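# Report on the structure
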Amino acid sequence: MIANISAQILQVVFQVVLVLLLSPLLTGLNRLLKARVQTRRGPGLLQPYRDLYKLLGKGMVIPDTASWIFTATPFVLFVTVLLASLLIPTISAQAPLSLYGGVLAMVYLLALGRFFLALGGLDTGSSFGGLGSSREMTISAIAEPALMLAVFTVAIGAGSTNLSIVAHAGIGQSWRFLAPSQMLAFAALFIVLIAETGRIPVDNPATHLELTMIHEAMILEYSGPYLALIEWAASMKQLVLMTLLVNVFFPFGLSASWTPTALTASLGWFLLKLFLLSVAVAAVEVTNAKMRLFRVPELLAIAFVLSALALVSTFLFQG
Amino acid sequence: MAPILELFLAGLLLYAVAALAGLAAHLCKTTAAWITTSLCIASGLAAALELCASVGALICGAQFNWTLPSGLPFLQYSLRLDPLSAFFLLALSLLAICVAVYSIGYLRHGVAARRPGIFCCFFNLMLLALTLVFTAANVLFFLVAWELVVVTSYFLVITDHESEEARSGGMLYMLMSRGGTGMLYLGFLLLATAAGSMEFQAMHGAGGRLDPVLGAAAFLLLFFGFGVKAGIIPLHIWLPAAHPVAPSNVSALMSGIVIKTGIYGMARVFFDFYGDAPVWAGMLVLVAGVVAALLGVLYALMEHDLKRLLAYHSIENIGIILMGFGSALLFRSFGHPQLAALALVAGLFHTLNHGVFKCLLFLGAGSVLQGAKTRNMEEMGGLIRRMPWTAFYFLIGAVAISGLPPLNGFVSEWFTYQGLLAGFGATPTLTRIAFPIAGALLALTAALAAACFVKAFGITFLALPRSENAKQATEAPLSMTAGMAGLAIACVAFGLGATWIVPLFAPITQQTLGVQITGQLVAGNGFLLSAGTVQNGSVSPLVIALALIGLALVPLGLWLVLGRRNGARSKSVTGPTWDCGLPGLTAANEYTATAFSKPLRMIFSALFRPKREIQAEFDVSRYYPKAIHFESEIQPTFETHIYAPLQKGILALAERMRRIQTGSIHAYLAYIFVTLILLLIFGVRP
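Residues numbered from 1 in each chain as written. Chains lettered and ligands numbered in written order. Predicted model: local features only at pLDDT ≥ 70, side-chain atom pairs only at ≥ 80, totals over all residues.

Turning our eyes to something else, we now look at the overall build of chain A. For chain A, the helix and strand inventory stands at eleven helices and one strand. Secondary structure elements of chain A occur, N-terminal to C-terminal, as α-α-β-α-α-α-α-α-α-α-α-α. The principal-axis extent of the C-alpha atoms belonging to chain A is close to 55 × 50 × 40 Å. Split into buried and exposed, the 319 residues of chain A put 61% on the buried side. (Helix = DSSP H or I, 4+ residues; strand = E, 2+ residues; numbered from the N terminus. Buried ≥ 20, exposed ≤ 12 C-beta atoms within 10 Å, placed from the backbone.)

Counting secondary structure elements, chain B contains 30 helices and eight strands. The C-alpha atoms of chain B give a radius of gyration of 27 Å, which matches the 26 Å a tight globule of 686 residues would have. With respect to the three principal axes, the spread of C-alpha positions in chain B is 100 × 70 × 55 Å. Taken over 686 residues, chain B has a buried fraction of 56%. (Rg over C-alpha atoms; globule rule 2.2 N^0.38 Å.)

Moving on, we get to the nonpolar core. The biggest cluster of nonpolar side chains holds 372 residues, and the ones touching the most others in it are A:Ala188, A:Leu245, B:Val345, B:Leu360, B:Ala450 and B:Cys491. The greatest single-element share of this core, amounting to 22 residues, is contributed by helix 14 (residues 337-372) of chain B. What A:Ala188 contacts, discounting residues up to four positions off in sequence, is A:Ala146, A:Ala150, A:Ala303, A:Leu306, A:Ser307 and A:Ala310. (Core = buried A, V, L, I, M, F, W, Y, C linked by C-beta atoms within 7 Å. Contact = placed C-beta atoms within 7 Å.)

Moving on: the packing of helix 1 (residues 2-37) of chain A against helix 9 (residues 224-249) of chain A. Residues and elements named next belong to chain A. Contact geometry of helix 1 with helix 9 gives a least axis separation of 8 Å together with a crossing angle of 90°. As far as their axial angle goes, helix 9 and helix 1 are roughly perpendicular. Residue-level contacts link Val19, Leu22, Ser23, Pro24, Leu26 and Thr27 of helix 1 to Trp232, Ser235, Met236, Gln238 and Leu239 of helix 9. (Axes fitted to C-alpha atoms, helices over the stretch in contact; angles between N-to-C directions. Parallel < 35°, antiparallel > 145°, perpendicular 65-115°, else oblique.)

Two residues of an α-helix separated by three or four positions point the same way, owing to the 3.6 residues in each turn. All names here are of chain B. With 31 residues, helix 18 (residues 431-461) should cover 45 Å at 1.5 Å per step; its first-to-last C-alpha distance of 44 Å lies within 8% of that length. Within helix 18, 27 of the 31 residues are buried, which leaves the element mostly enclosed by the surrounding structure. Downstream of helix 18 by one or two residues, alanine 463 has phi in the positive range, about 60°. (Expected span 1.5 Å × (residues − 1).)

This part covers the packing of helix 1 of chain A against helix 10 (residues 260-287) of chain A. Residue and element names in this part refer to chain A. Relative to each other, helix 1 and helix 10 sit at 45°, their axes nearing to 9 Å. Between helix 1 and helix 10, the crossing angle belongs to the class labelled oblique. Where helix 1 crosses over helix 10, the two elements pack in a sense that is right-handed. Where helix 1 approaches helix 10, its residues Leu26, Leu29, Asn30, Leu33, Lys34 and Val37 are matched on the opposing element by Leu274, Ser278, Val279, Val281, Ala282, Glu285 and Val286. Partitioned by chemical class, the residues of the contact of helix 1 with helix 10 number nine nonpolar, two polar and two charged. (Left-handed = near helix turned anticlockwise from the far one by under 90°. Nonpolar A, V, L, I, M, F, W, Y, C, P; charged D, E, K, R; others polar.)

Further remarks concern the domain arrangement of chain B. Domain boundaries in chain B define domain 1 (299-561) and domain 2 (643-684). Averaged C-alpha coordinates put domain 1 of chain B and domain 2 of chain B at centres separated by 50 Å. (Domains from an automatic or database assignment.)

Mapped onto the elements of the fold, A:Thr287 is located in helix 10. For the pair A:Thr287 and A:Ile200, spaced 87 residues apart in sequence, the C-alpha separation works out to 9.3 Å.

Take the interface of chain A and chain B next. Interfaces are often sized by the amount of accessible area the parts lose when they come together. Contacts between chain A and chain B engage 72 residues on the former and 71 residues on the latter. Counting only elements with at least two residues in the side of chain A that touches chain B, the list comes to helix 2 (47-56), strand 1 (61-63), helix 3 (68-86), helix 4 (103-123), helix 5 (127-158), helix 9 and helix 11 (296-318) of chain A. Element by element, the count of residues in the side of chain A that touches chain B is highest for helix 5 of chain A, at 18 residues. Here the side of chain A that touches chain B is composed, by residue class, of 46 nonpolar, 20 polar and six charged.

This brings us to the sheet that holds strand 4 (residues 528-531) of chain B. Residue and element names in this part refer to chain B. An order of 3-4-5 is seen for the three strands of this open sheet, with the pairing classed as antiparallel. In this open sheet, the two edge strands, each paired with only one partner strand, are strand 3 (522-523) and strand 5 (533-539). Pairing geometry for strand 4 and strand 5, over three bridges, is antiparallel. Across the sheet, residue leucine 529 finds its bridge partner in strand 5, namely valine 539. (Pairing = 2+ DSSP bridges.)

Residue and element names in this part refer to chain B. Relative to the elements of secondary structure, leucine 363 occurs in helix 14. Given 35 C-beta atoms within a 10 Å radius, leucine 363 is considered buried. Counting along the chain gives 118 residues from leucine 363 to threonine 481, while the straight-line C-alpha distance between them is 8.9 Å. If near-sequence neighbours (up to four positions away) are discounted, leucine 363 is found in contact with Tyr102, Ser248, Asn249, Ala252, Gly483, Met484 and Leu487.

Here you go:
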């Protein structure tokens, strides 16, 4: 019993450290890839770490209109995303806390973080904050059905909403992603990933233009350590959603246990899969222009149709 | 054996005494504060007695049947506390206690304070009538209690009877309710003919003994009859009209429990009176649930009247409850009683949870209304500094109603999702597709609800006050915040302690479906909630909450360790919000509720058909506007397309009927004579 619990705590600590360390790298990789395709040199791969370190050491300006919600938001956001990351298998098929919340809890924990982030945007009293909150809640709401339906397709296939069980079910059948339902669900979730992580063509993380920004508008008033926590949480959210895609659809190299040798091998696989997905995201970002806000629902409608088709094909081919 | 019947009757008696005392106070024309306070305490005590009775009945599995003859045929004053009744009585009593405490402070000000005696009289009578609705076990007695709820709540709604809005809202409520009751009479009479008795006990499974066509007719009549009260779309129009105009403690009970009488009726009919409903019935309920949930939240998003917004959310949550009931019916039709029990638990748990958080939100809105003196969110703002406790409790309610973990709304929505997910594998043919699609639309509903409550909380409580009244708002008195605190604690407790709440449903599923499922729903030494089996999915709100608190050490630690350089943390300063360099941010710069929901208004314009009008007055050229007038409205689709033609038709018919109203007493006597003859012929016909 005690050994069990301490093993579980070790797993939690391991995964927390992994997610904390890996997520800025993914952000740096995405920026670097985009810069190289655009024939810029771009900031180095480790720039996000330097940014976070610098921000954490800086002072802050808190708006005089803000209440305790403004202060609580960075912490709530950070903690919810971090907990969501513990419900999902990263390099071992057994996620540390997947028993205590499956994919539904994961989606709703991310929603809890977003709820507070949007309140933090409104709390400042500036038009930008309200604008960002309004758009963020709108886009996430219309992305939700596509996300859930794709998730349902996966959960129905594995007979469980527990992501560890979904991953374990995938280990034996690495080529399952060739099934039409899996491919369609992957496509739907890929679009949702673009929308939820605020990538071009839905949002541009590198802009501060009033008319186009969404995420940046909400956090315009944050500075110093609070901004660092929010940026870090955004990176972690990106990692969580990308992990969901790579490990659910491409369970290559997932180790079934928590032994050190197996973990090293699967860490390599995990990094490779994340790299490939990052390339795909960067490719979408550099080949597209940002959409008008009211074209985004059409994109998300495509995602919804894709996941509905995924469901129908499950229905057709599984009998 | 717990003295459940005694507790129950004592509670009823106390309600009755408090109602009479209120009437006496009104007749003596006294408005003394101590009388009002003691009347509120009396209703709180009565509710506490009922709570003890219902919890006792659920835990000990005790039931009672208690009958008084009336001397009339068919009518018997029979009361029965079975598990289903006890569960709804529990929800009612819990809310009534908190609302009674809240009312102590609330009745000091506002419209209800002008005639507190008669208000308390109707308030206690309504609680009495609600208790009777949940426990009456004779069709006629049930309908009498049902009508008593309508009448008492009507008088409470029109407390502010000098306002035209309150009168018309109350009248609409009355009319719709009467229509619903009419359908209930017919439906119950059909069932009673099959049962051969007016007693609920004899009607168990009676729906199946009816001829299929009549059985279907009775099902539809009862579904829509109870649906009027529950507020399913398109029978919902009275809700957003009547809830906002009522005093807030009444709206809290109306939304928290009065509309749940419709849900109680449906649960009674679906799972007690119908042994096995046909597939289309389950499908109808599921679809009605999805429609109500989605349209309810979409209309709520467009509201900037805080109480109307909450009223539309009641429609949404009724939809979520009906999704649970609909899937339960479908599972039972396809022979999966275990899954049916899971879906029924989801629906019933959401009934309780919605009661708690909606009651909390309406009470919060009531405090805001007394503070800011308006229902219009566009004139609020910045109240979190002026009313910190109200804001805090409202936030808890907002998180809970948005279905976010680890509070209670998340738990019941999680069960609903699990029921819908199981539906794909458990039902044949095309019905299986309906379940995941309903699940996806539930996800959309929940996400839109979160957006709506970001708006409701953000615009009302955050940033700068938008009006002079909002600037001068002060915190509500202790009794009002205490009432809200009780409900907020319930929101947290029902979420974190869900594994201890779920076993309360065991006697209900045993009674209605003949299966015990709570053993499977609670696993892992009472820490886990599972979806039938742990293999299918599990969640633990308690562990999630503890993990959230524990993980808070991570960002704090990072900040403290990585941020410890040149004393930076002391450099946190307060400054003005960035206003593009203009002189000073004012409330006019803030996003408004209308602006917040604009993207969704555009995206769903096919439903809302928004109209807007902009008129600008110019000075020299059109680049120098002096004043701009902006108007934006959405089309109330159901009112214009269904109810307006209906009203026109009824009025035209009434115009023709007037011809037989001669005003002469001889004519009326002749009518009575002719009717009597016709009835006699009808009666003695072979």
